[in-house]
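Each chain, letter by letter, is given below.
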Amino acid sequence: MTYSKDFLVKVYRDLAELRMFEEKLVEAYAQGKVPGHIHSGMGEEAVYAGTLATTKDGDYYKITHRPVGAAVTLGVSYETAFSEAMGKSTGNSGGRGGINHISELSKGMLGFSGSLGCDAAVGPGAALKIKKDKTDNIVYVYYGDGTSSRGPIHEAMNLAAVWKLPVLFICQNNQFGISTHISRGSSVENPGADRAAGYGMPSKIVDGTDALAVYEATKELVDDIRKGNGPAILEAKAYRWRGHFEGDQTPYRDAKITEEWMKKDCVKIMEKYLLDKKVVTEDEIKAINDELNDEMNKAIEFADNSPAITADEIYDNIYA
Ligand SMILES: Cc1ncc(C[n+]2csc(CCOP(=O)(O)OP(=O)(O)O)c2C)c(N)n1
Ligand SMILES: [Mg+2]
């Protein structure tokens, strides 16, 4: 496939932005600025940067808890995202939702439940609207390898397949659900792709550390879904570099394997591709990263200086 410089730089920028957002979040967490806990998605950024390079206006998204920086890829401002993570009134839920709830419907984001998988059918629900409107939009539904065995995911897949709804299910296979390796949670090797046959869906498996490979595999499936041919599953293989949460010392896995995976750094892989092909210079790479760094530091300062949610406000906008 041939790519324009603009396209390649955009994919690189998305990767670098996701990585930096995750790094800054880990740093803010270590400084005690983030209430609750965070789930670093470092190492898995190409799954989002690659798939989201295939979107068009009017598409919908159900992202997961990892990496939450996907929300900024989808257009949530740094100020809003850091503020929400830090429990500040300037966050998109006024600081009530916190890290897992950085979401804006105006950007096509359908929200996220902390009870993993239970809201999977919200994706097919939005896809039903698209089908009734007769547009060629689609819904991107992300889920982890651990979540892949939950019942509601399979009900959502069945419904999408029976009604031929425009949904791309994306299994982010980072090989662990907290401390449980996928081999202990799934009877098949590929918990995303191998299960597609059960619903008569097409599927693809891709190296989730190679953003362009992810893009190409996604594009093939997405082009077909946009034509009205029904849902599909993409399984992207990557690895969770850090613990399940910050402070998890990962005694349940071999540090050498983690080190090997960390050599497959999706940001560096893309950077090397751009430099080898002379698409950009080292200076251009530096300029992109300097700009991201400046903007994010300003956003963190903004969040630092924003008022925290008060005890009186906690129950505002909550309905029972
Ligand atoms: C229904 C439900 N059960 C258990 C949990 C606790 N939990 C939080 S994250 C997680 C691991 C999920 O693994 P996976 O789907 O592979 O996503 P990953 O964390 O690896 O990105 C679990 C079990 C939850 N949030 N919801
Ligand atoms: Mg996982």
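Described below are features of the structure shown in this document. (Residues numbered from 1 in each chain as written. Chains lettered and ligands numbered in written order. Predicted model: local features only at pLDDT ≥ 70, side-chain atom pairs only at ≥ 80, totals over all residues.)

Orientation of helix α5 (residues 122-133) relative to helix α6 (residues 151-162), taken along the N-to-C sense of each, is 20°, at an axis distance of 9 Å. Classified by the angle their axes make, α5 and α6 are roughly parallel. The two elements α5 and α6 meet at a crossing, and its hand is left-handed. Across the interface between the two elements, Gly123, Pro124 and Ala127 from α5 touch Ala156, Leu159 and Ala160 from α6. Here the contact of α5 with α6 is composed, by residue class, of five nonpolar, one polar and no charged. (Axes fitted to C-alpha atoms, helices over the stretch in contact; angles between N-to-C directions. Helix = DSSP H or I, 4+ residues; strand = E, 2+ residues; numbered from the N terminus. Parallel < 35°, antiparallel > 145°, perpendicular 65-115°, else oblique. Left-handed = near helix turned anticlockwise from the far one by under 90°. Contact = placed C-beta atoms within 7 Å. Nonpolar A, V, L, I, M, F, W, Y, C, P; charged D, E, K, R; others polar.)

With six of its six residues buried, strand β2 (residues 139-144) lies for the most part within the structure. Neither face of β2 is exposed, since Val139, Val141 and Tyr143 on one face and Tyr140, Tyr142 and Gly144 on the opposite face are all buried. Sheet analysis places strand β1 (residues 60-62) next to β2, joined by three bridges and oriented parallel. Its bridge partner being in β2, Lys62 is matched across the sheet by Val141. Pairing analysis gives six bridges linking β2 to strand β3 (residues 167-173), with the strands arranged parallel. Following the sheet pairing, Tyr142 is matched in β3 by Ile170. Considered for its hand, the β-α-β crossover made up of β2, α6 and β3 is right-handed. (Buried ≥ 20, exposed ≤ 12 C-beta atoms within 10 Å, placed from the backbone. Pairing = 2+ DSSP bridges. Right-handed = clockwise from strand over helix to strand, strands pointing away.)

Once that is clear, we can look at the nonpolar core. In this structure, Leu15, Ala71, Leu168 and Ala211 are the most contacted members of the largest nonpolar core, which totals 81 residues. Per-element tally for this core: the top contributor is helix α1 (residues 5-30), with nine residues. Those residues in contact with Leu168 that sit more than four places away from it in its chain are Ile138, Tyr140, Leu221, Val222, Ile225, Pro231, Ala232 and Leu234. (Core = buried A, V, L, I, M, F, W, Y, C linked by C-beta atoms within 7 Å.)

Let us look at the site of ligand 1. By nearness alone, 14 residues border ligand 1, and Leu116, Gly144, Gly146, Thr147 and Gly177 come closest of all. Considering only residue class, the shell around ligand 1 consists of three nonpolar, eight polar and three charged. (Near = placed C-beta within 6 Å.)

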